[in-house]
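Chain and residue survey
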Amino acid sequence: MRVTLKAKDIPTDKLKASNLVFLIDVSGSMMGAGRLPLVKSSLKMLVDQLRDIDRVAIVTYAGSAGVKLESTSGSQKMKIKTAIDELEAGGSTAGAAGIKKAYAIARQNLVKGGNNRIILASDGDFNVGESSDESMEELIGKESKSGVFLTVLGYGMGNLKDSKMEILADKGHGNYAYIDNISEARKAMVTEFGGTLFTVAKDVKIQVEFNPNYVQAYRLVGYENRLLEAEDFNNDQKMGGDMGVGHVVTALYEIVPVGVNSTMVGTVDPLKYQKNSTKYIEVRGNGELAAVKFRYKEPEGEKSKLQQQVVPTKVTDLNKVSEDLRFATAVAELGLLLRDSDFKQQADFDRLIARAKTAKGADDEGYRAEFIRMAENARDLSKAKL
């Protein structure tokens, strides 16, 4: 079963005025192709999207933090790009000092009711000052209460601290994207400009309840680092994820229907002190497979709103469902194979590649074609290991 949540689209000319701070890691670890040079190209793409009502400041950090450019109107694109071009890498990495400086400048230029955001570009290798995961998370969490959100862009390979940077984005009510080539940069800065920079819903949480009359077991595919306790769903003090303009979130559940024998379903002995709960199910055979609930807060709100949707039991043959769903199953299947998951069962490179090709659709940006090439490379590498 697929659950998809899509944030509303807003035309660019209707987006709120932006107060941005580019926070750029210029330490020695950012030397070389795919790092600072790619950061420069990425941010200059973003500058081209800015309007006259938007403003940008640039903060850099290596051994210490400094202000490269004071808050400047988006109309002065050449001045902003020149400041970006002048950046050079070298030195240690005082990430915490840079973050504090960036938040201070963002607060100084705060646009009430606007889009106030820091864009951190780094490999996440913080090694001076407050560099532990706990201290960085605490710092970001405290600063995020000022109304300034955080977008994190990861660059480089080898020493990239991917998980740390994703956590920082979560704590900062923002999003995280990994950029390893100019195509990914264009995707984040141009094609998905609104989703990257403009939050329309924060602390988004999804909760799914399956009807035990139809489902004897289920498993969420992926999202291991996003799981919450059941009681956290209604707790507005517990943070969820954030969604930007036009952003789409997809979750897949593997389901074992009632009556199907499966080795993936464990067994337990009958309970001695409690009656078998299946005899006391209130909702029986009503045609509802599951109930999906989700909560979210407005970007400046503190109280969540609830929406619900019932999923009917109607089952559709995989060959007859939408291209989007068939392609999503191919992506999930590749993930199971790459991780050598205990749940991969009969997953197969050739089958998922064939399914992805038939479900590629228009693919104007070429993202699906890129996935197919990646899957084919993974298949060839797996054969080479044999």
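1. Topic: the nonpolar core
Most often, soluble globular proteins keep nonpolar side chains buried together rather than apart. If you look at the biggest cluster of nonpolar residues, it comprises 42 residues, and the most contacted ones within it are Phe-22, Ile-24, Ile-58 and Tyr-155. The element that contributes the greatest number of residues to this core is helix α1 (residues 36-49), accounting for seven residues. In this structure, Ile-24 is in contact with Leu-36, Val-39, Leu-43, Ile-58, Val-59, Thr-60, Tyr-61, Leu-87 and Ala-121, ignoring residues within four places of it in sequence.

2. Examining the side chain of Thr-196
Mapping Thr-196 onto the fold places it in helix α7 (residues 193-197). The class of Thr-196 is buried, set by a relative accessible area of 10%.

3. Overview of the pattern of salt bridges
The full count for this structure, using the stated rule, is 20 salt bridges. Close ionic contact of Arg-186 with Glu-365 constitutes a salt bridge, the shortest N to O distance being 2.8 Å. Of this pair, Arg-186 sits in helix α6 (residues 182-191) while Glu-365 sits in the loop between α9 (349-358) and α10 (367-385), and the two are 179 residues apart along the sequence. A relative accessible area of 39% places Arg-186 in the partly exposed class. The class of Glu-365 is partly exposed, set by a relative accessible area of 36%. Here Glu-298 ties to Lys-305 by a salt bridge, and the two come within 2.9 Å at their closest N and O atoms. Linked through salt bridges whose partners overlap, the residues forming this network are Glu-166, Asp-170 and Arg-226.

4. What about the confidence of the model for the chain?
Reading fine detail from the predicted coordinates is not recommended where pLDDT is low. With 92% of its residues at a pLDDT of at least 70, the chain reaches an overall mean of 88. Residue range residues 277-283 is modelled with pLDDT below 50. Its contacts to residues more than four positions away, or to other chains, number seven contacts.

5. So, the pairing of strand β2 (residues 18-25)
Counting buried positions along β2 gives eight out of eight residues, so the element sits mostly inside the fold. Covered by surrounding structure in β2 are Ser-18, Leu-20, Phe-22 and Ile-24 together with Asn-19, Val-21, Leu-23 and Asp-25, the residues of both alternating faces. Across seven bridges, β2 lies against strand β5 (residues 115-122) in parallel orientation. Bridging from a neighbouring strand, Val-21 pairs with Ile-118 of β5.

6. Structural notes on unusual backbone geometry
Look at Asp-203: it is not a glycine, yet its phi comes out positive at around 50°. Position of Asp-203 among the secondary structure elements: in strand β8 (residues 199-210). Here the phi dihedral of Asp-363 falls at roughly 55°; this positive angle occurs in a residue that is not glycine. Note on placement: Asp-363 falls in the loop between α9 and α10.

7. What about the sheet that holds strand β6 (residues 149-154)?
Read across the sheet, six strands follow the order β4-β3-β2-β5-β6-β7 without closing on themselves; strand pairing throughout is mixed. Strand pairing shows two members of the sheet lacking a second neighbour, β4 (65-73) and β7 (176-178), which therefore form its edges. Across the sheet, the mean angle separating the axes of adjacent strands is 15° when strand polarity is ignored. Relative to β6, β5 runs parallel, the two sharing six bridges. Paired with Ile-118 across the two strands is Leu-150, which belongs to β6. Sheet contacts for helix α5 (residues 162-171): β5, β6 and β7; angle to β6, the most-contacted strand, approximately 165°.

Parameters at a glance
- Residues numbered from 1 in each chain as written.
- Predicted model: local features only at pLDDT ≥ 70, side-chain atom pairs only at ≥ 80, totals over all residues.
- Heavy atoms only, no water.
- Core = buried A, V, L, I, M, F, W, Y, C linked by side-chain atoms within 4.5 Å.
- Buried < 20%, exposed > 50% of the residue type's maximum accessible area, 1.4 Å probe, protein only.
- Helix = DSSP H or I, 4+ residues; strand = E, 2+ residues; numbered from the N terminus.
- Contact = heavy atoms within 4.5 Å.
- Salt bridge = Lys/Arg side-chain N within 4 Å of Asp/Glu carboxyl O.
- pLDDT = per-residue confidence, 0-100.
- Pairing = 2+ DSSP bridges.
- Axes fitted to C-alpha atoms, helices over the stretch in contact; angles between N-to-C directions.

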